[in-house]
Amino acid sequence: MRGALGLGALALSLMAGCAAETKLRPTPEAGILQNGKSSAITEQEGVRLTADGSAWRGSPSDLERRVTPVYVRLENQGQHPLRIQYPDFSLVGKESRFRYSALPPLSLRGTVSSRDAEAPPRYSPALATRGGLWVGGGYPYRPWGWGPGWYGGPWGSPFYSPYYYPPYYEQPLPTEDMLNNALPEGTLEPGGTQEGFLYFQGVARRENAVTLQVKLVDAQTGEPFGSLSIPFQVSTK
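Conventions adopted
Residues numbered from 1 in each chain as written. Predicted model: local features only at pLDDT ≥ 70, side-chain atom pairs only at ≥ 80, totals over all residues. Heavy atoms only, no water. Pairing = 2+ DSSP bridges. Helix = DSSP H or I, 4+ residues; strand = E, 2+ residues; numbered from the N terminus. Axes fitted to C-alpha atoms, helices over the stretch in contact; angles between N-to-C directions. Salt bridge = Lys/Arg side-chain N within 4 Å of Asp/Glu carboxyl O. Buried < 20%, exposed > 50% of the residue type's maximum accessible area, 1.4 Å probe, protein only. pLDDT = per-residue confidence, 0-100. Contact = heavy atoms within 4.5 Å. Core = buried A, V, L, I, M, F, W, Y, C linked by side-chain atoms within 4.5 Å. Phe/Tyr/Trp six-rings, centres within 6.5 Å; stacked < 30°, edge-to-face > 60°.

Re the sheet that holds strand β7 (residues 89-93)
And then number 1: Pairing within the open sheet is antiparallel, and its five strands lie in the order β1-β18-β17-β7-β8. Both outer strands of the open sheet, β1 (22-26) and β8 (99-101), are each paired with one neighbouring strand and no more. Strand-to-strand twist across the sheet, computed as the mean angle between neighbouring axes with direction ignored, equals 35 degrees.
And then number 2: Pairing of β7 with β8, which is carried by three bridges, proceeds in the antiparallel orientation. Bridged to Leu91 within β8 is Tyr100.

In structure tokens:
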């Protein structure tokens, strides 16, 4: 049965040094295209989704070789308070039908990015040393603050992790930029807008095309009331 990969397999795929850089480009049937046809827009039940699979400009610069970052913007002009949780977002392979669920940023701890190996490691301001261990807290990071009609709880929590920096200061994931720019979980009330990046398992060399699917779920009742989808072509280099 097809399903999400185990954490062990995921870690191995993320650590692979020969991983290809992935860019997602909307297909012609993706709907309204904008920004030089790098992003697409779709709407249902008053919820508008904008998605861009080639928008990452942060650190690490080679993030697309480790995971597949997708920028999303959600505008809720409908009647339902919209639940925003990572399991409601997925990339589905066109041919394989494999479903890649969005990954909580903190689940990427322990993976590394190699292209920025010459740069010193960047520490999050929420991290501090204690007895040889790294102590993290102060989550969540909010990339654009609290928008109108938005509230939500932290998707992360204080954690203890023996952060190990390999030789040459390879950059561990998630970086501060990844945390700061991640799409926060919570509830998007009618009239509200929220945006940020989702991080998926790398789809390069696995898929030629994928579809971003978003399940629309009422945050109060837990009942689905629709879905959104945007098809992308997968390009690698």
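Structure's up, so let's keep going.
Here's the deal with the pattern of salt bridges
And then number 1: In total, this model carries five salt bridges according to the counting rule given.
And then number 2: Between Glu64 and Lys23 there is a salt bridge, and its shortest N-O distance comes to 3.1 Å. Of this pair, Glu64 sits in the loop between β4 (47-52) and β5 (67-76) while Lys23 sits in strand β1, and the two are 41 residues apart along the sequence.
And then number 3: Classification of Lys23 by relative accessible area gives buried; the value is 15%.
And then number 4: We note a salt bridge from Glu43 to Arg48, for which the minimum N-O separation is 3.3 Å.
And then number 5: Members of the salt-bridge network, linked through shared partners, are Arg73, Glu75 and Glu195.

Details of the confidence of the model for the protein
And then number 1: Mean pLDDT over the protein: 76, with 65% of residues reaching 70 or higher.
And then number 2: Taken as a whole, residues 1-18 scores under 50 in pLDDT and shows 21 contacts with residues more than four places along the chain or in a different chain.
And then number 3: Note that residues 115-168 has pLDDT below 50 and, in this model, 122 contacts with residues that lie over four places away or in other chains.

So, the nonpolar core
Taken as a class, soluble globular proteins show a tendency for nonpolar side chains to be buried jointly.
And then number 1: In this structure, Phe89, Tyr199 and Leu212 are the most contacted members of the largest nonpolar core, which totals 42 residues.
And then number 2: Secondary-structure elements contributing two or more residues to this core are β4, β5, β6 (82-84), β7, β16 (193-201), β17 (209-217) and β18 (224-236).

Description of the packing of aromatic side chains
And then number 1: Per the counting criterion, the structure on display carries four aromatic pairs.
And then number 2: With a centroid separation of 6.3 Å and 75 degrees between ring planes, the pair formed by Trp56 and Tyr199 is classed as edge-to-face. Taken together, the positions of Trp56 in the loop between β4 and β5 and Tyr199 in strand β16 put the pair 143 residues apart, joining distant regions of the chain.
And then number 3: Residue Tyr199 is classed as buried on the basis of its relative accessible area, which comes to 1%.
And then number 4: When the ring of Tyr71 is compared with that of Phe197, the centres are 5.8 Å apart and the planes differ by 65 degrees; the resulting orientation is edge-to-face. Of this pair, Tyr71 sits in strand β5 while Phe197 sits in strand β16, and the two are 126 residues apart along the sequence.
And then number 5: You can call Tyr71 buried: its relative accessible area is 17%.

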